[in-house]
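Listed below are the residues making up each chain.
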Amino acid sequence: MIVLYFSSRFSVKTLIDRSCFETIDDTSPEFNNFAAILEQILSHRLKGQITWFGYESPRSFWDYIRVACRKVSHNCICSIESMENVGSSRAKGRAWIRVALMEKHLSEYISTALRDFKTTRRFYEDGAIVLGEEANMLAGMLLGLNAIDFSFCLKGEGLDGSYPAVIDYTPYLKFTQSSDSISSDEEELRTLGSSGSEGSTPENIGPPFITDENSWYNKCKRVEQKYRLALEQKGYLEELVRLRENQLSESVSQNKLLLQRIEDMDLAHKMEKEQLEYIIVELQDQL
């Protein structure tokens, strides 16, 4: 869960950085990774739908979005529902992500859906990301995407709902930023603090020392930022390893359940076959 949250943070940052140099569209790997991460977050611990026969059929996050986001003014729910080239529920969810980004309303959609706690509880199990504190922080991070002009084709292969979303974690394992963009908030606070205490700032010491002290300060700041980034990536890798171990254990348990189910079905098939053979023998004796 934490891995997905950190991945969403990194993906938003890489999208914003990439948008400074080129237009973001369906061919952008940064967008494809962001869309896959958002889809995984909205699909995390999503409850299945109980059918008339008592079986649980899988749901898509679009089933939740179209219910929870009805209250958004001028929403695109009806437009996506009526799209002819988008058939499956998963494809409609992917189309919604693209339309919401182009309309610059993705953060508003997510915030509105999360505020509808009753609907969210109805669609998600305990432990889901959208039920945790990280969800509100995610909605705040998505506000930064409103500054990007996205351009998507709603008829491309990206809307194909026949395959699940796959996240490429490689860019985030070697993710780096410029010293200005890693901690812009800290730089802004430092600037405000220095303006309030002018007597202690390097600028007021004297002209001969400005260059040296500023250069040393910037070097120390860059080292500190690299250290924090290394610590964050270390925690990210550790959480990623734990996630993979949990997924492996879940896969092993599911495999055991499937094998047991197959054995039970084989046993039931043999018993049914024996009963049918017995009935056939009786019918032959009667004839």
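The text that follows walks through the structure, step by step, so that each part is easy to find. (Residues numbered from 1 in each chain as written. Predicted model: local features only at pLDDT ≥ 70, side-chain atom pairs only at ≥ 80, totals over all residues. Heavy atoms only, no water.)

### Describing helix 5 (residues 89-103)
Link 1 in the chain: Between its terminal C-alpha atoms helix 5 stretches 21 Å, which fits the 21 Å expected from 15 residues at 1.5 Å a residue.
Link 2 in the chain: Three or more residues of helix 5 are buried, namely Ala91, Lys92, Gly93, Arg94, Ala95, Trp96, Ile97, Arg98, Val99, Ala100 and Leu101.
Link 3 in the chain: Directly after helix 5, the chain includes Lys104, whose backbone phi takes a positive value near 60 degrees. (Helix = DSSP H or I, 4+ residues; strand = E, 2+ residues; numbered from the N terminus. Expected span 1.5 Å × (residues − 1). Buried < 20%, exposed > 50% of the residue type's maximum accessible area, 1.4 Å probe, protein only.)

### Some thoughts on the packing of helix 5 against helix 6 (residues 106-115)
Link 1 in the chain: Closest axis-to-axis distance for the helix 5/helix 6 pair is 7 Å, and the angle between their directions is 120 degrees. Considered as vectors, helix 5 and helix 6 are oriented oblique to each other. Of the residues in helix 6, those touching helix 5 at Trp96, Ala100, Leu101 and Glu103 are Leu106, Tyr109 and Ile110.
Link 2 in the chain: Along the lines of polarity and charge, the residues of the contact of helix 5 with helix 6 split into six nonpolar, no polar and one charged. (Axes fitted to C-alpha atoms, helices over the stretch in contact; angles between N-to-C directions. Parallel < 35°, antiparallel > 145°, perpendicular 65-115°, else oblique. Contact = heavy atoms within 4.5 Å. Nonpolar A, V, L, I, M, F, W, Y, C, P; charged D, E, K, R; others polar.)

### Describing the pattern of salt bridges
Link 1 in the chain: Throughout the structure, instances matching the rule amount to nine salt bridges.
Link 2 in the chain: Note that Asp26 and Arg98 form a salt bridge whose closest N and O atoms lie 3.0 Å from each other. Taken together, the residues span a long stretch of sequence, with Asp26 in the loop between helix 1 (2-19) and helix 2 (29-43) and Arg98 in helix 5 at a distance of 72 residues.
Link 3 in the chain: The partly exposed category is assigned to Asp26, whose relative accessible area is 22%.
Link 4 in the chain: Across the pair Arg66 and Glu81 runs a salt bridge whose closest N-O atoms are separated by 3.2 Å. In this pair, Arg66 is assigned in helix 3 (residues 61-68) and Glu81 in helix 4 (residues 77-81), connecting sequence segments 15 residues apart.
Link 5 in the chain: With relative accessibility at 30%, the residue Arg66 sits in the partly exposed group.
Link 6 in the chain: Look at Glu81 and you get partly exposed, because its relative accessible area is 26%.
Link 7 in the chain: One continuous salt-bridge network, built from bridges that share partners, spans Asp63, Arg66, Glu81 and Lys92. (Salt bridge = Lys/Arg side-chain N within 4 Å of Asp/Glu carboxyl O.)

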